[in-house]
Amino acid sequence: MVSKKLLNAIIKQYSLPLEGLHGLSHWARVLENGRLLAPLTGARLEVVELFAVFHDARRRNESTDYRHGHRAADYVRAQRHLLDLNERDFDLLVMACAYHVDGGTIGDVTVQTCWDADRLDICRVGLQINPKYLCTEAAREETFMREAVVRGVNRYVPELIKSEWGVEL
Ligand SMILES: [Fe+2]
């Protein structure tokens, strides 16, 4: 689980609106997608949860910002002291953040699960999920995709934002 201390540090430096398209609700939906996917894919859940809160944390705008993945990876490295991860998991988190923007689908299953958890929430910006860009069989499952579409289109606000993170949006 993501600690409140870490989440507060990430929120403090986030330069875009917390209620925005790449803000807290998106992070929480990615986290929920990840929690659903990880048991099916065998991904390291700790990594997927951290990816959810780090991957867009260094965005500079809500549209095209191709370097934000690499900035997120640099930020993860800078926050190493706050992360209770072994070296392998830490490297997976850095990789997942750095390359999540590129549309790649090949990699370690934990990295793939991170990318799928994010891409399943693409409908919030008016785009459709393209199964071609989903990495895992679990994410491409029809019901799974349909439910992610509903959550994204409605910009559903996960309850965990309040219950786990203690944040009121
Ligand atoms: Fe994202």
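Look up a bit, the structure's there.
Residues numbered from 1 in each chain as written. Predicted model: local features only at pLDDT ≥ 70, side-chain atom pairs only at ≥ 80, totals over all residues. Heavy atoms only, no water.

Peer 1: Can you explain the overall build of the chain? Please cite residues and give values.
Peer 2: Scanning the chain from N- to C-terminus turns up 9 helices and 0 strands. Taken from the N to the C terminus, the helices and strands of the chain come in the order α-α-α-α-α-α-α-α-α. Expected size for 169 residues packed as a compact globule is a radius of gyration near 15 Å; at 14 Å, the chain falls within 12% of this value. Considering only C-alpha atoms, the chain reaches an extent of 40 × 35 × 30 Å along its principal axes. Within the chain, buried positions represent 52% of all 169 residues. In the chain, the share of contacts with a sequence separation of at least 24, taken over all contacts with a separation of at least 6, comes to 63%. Within the structure as shown, the chain displays about 8,300 Å² of accessible surface, and the carbon and sulfur contribution to it stands at 52%. (Helix = DSSP H or I, 4+ residues; strand = E, 2+ residues; numbered from the N terminus. Rg over C-alpha atoms; globule rule 2.2 N^0.38 Å. Buried < 20%, exposed > 50% of the residue type's maximum accessible area, 1.4 Å probe, protein only. Contact = heavy atoms within 4.5 Å. Areas by Shrake-Rupley, 256 points an atom, 1.4 Å probe, with all protein chains shown as cover.)

Peer 1: Tell me about the coordination of the iron ion, and name the residues and values.
Peer 2: Taken together, the protein ligands of the iron ion are His26 (NE2), His55 (NE2), Asp56 (OD) and Asp118 (OD), with distances of 2.1 to 2.3 Å. Geometry at the iron ion is irregular, judged from its 4 donor atoms and the angles of 86 to 177° they form at the metal. Written as a sequence motif, the donor residues of the iron ion are H-x28-H-D-x61-D. (Donors = N, O, S within 2.8 Å, 3.2 Å for Na, K, Ca; no water. Tetrahedral: all angles 85-135°; square planar, octahedral: opposite > 155°, others 65-115°.)

Peer 1: Can you break down the pattern of salt bridges residue by residue, with the values?
Peer 2: With the rule as written, the count across this model stands at 13 salt bridges. Put simply, Glu168 and Lys162 hold a salt bridge, and the shortest N to O gap is 3.6 Å. Neither residue differs from the other here; Glu168 and Lys162 are each classed as exposed. Each member of the salt-bridge network shares a partner with another, and the members are Arg29, Asp121 and Arg124. (Salt bridge = Lys/Arg side-chain N within 4 Å of Asp/Glu carboxyl O.)

Peer 1: Before we move on, could you go through the nonpolar core and cite the residues and values that matter?
Peer 2: Formed by 54 residues in total, the largest nonpolar core has its most connected members in Trp27, Phe54, Leu83, Leu93, Leu120 and Trp165. Excluding its chain neighbours within four sequence positions, the residues that come into contact with Leu120 are Asn33, Leu37, Ile129, Leu134, Ala139, Phe144, Met145 and Ala148. (Core = buried A, V, L, I, M, F, W, Y, C linked by side-chain atoms within 4.5 Å.)

Peer 1: So what's going on with the environment of Glu142? Residues and values would help.
Peer 2: With respect to the helices, strands and loops of the structure, Glu142 is situated in helix α8 (residues 142-153). Here Glu142 falls in the exposed class, since its relative accessible area comes to 56%. The spatial distance from the C-alpha of Glu142 to the C-alpha of Pro131 is 9.8 Å, given a sequence separation of 11 residues.

Peer 1: Describe unusual backbone geometry, and please don't skip the residues or the numbers.
Peer 2: Phi angles above zero are rare outside glycine, and Arg155 is one such case at about 45°. Within the secondary structure, Arg155 is located in the loop between α8 and α9 (160-163). You can call Arg155 partly exposed: its relative accessible area is 46%.

Read these as geometric descriptors, not functional statements.
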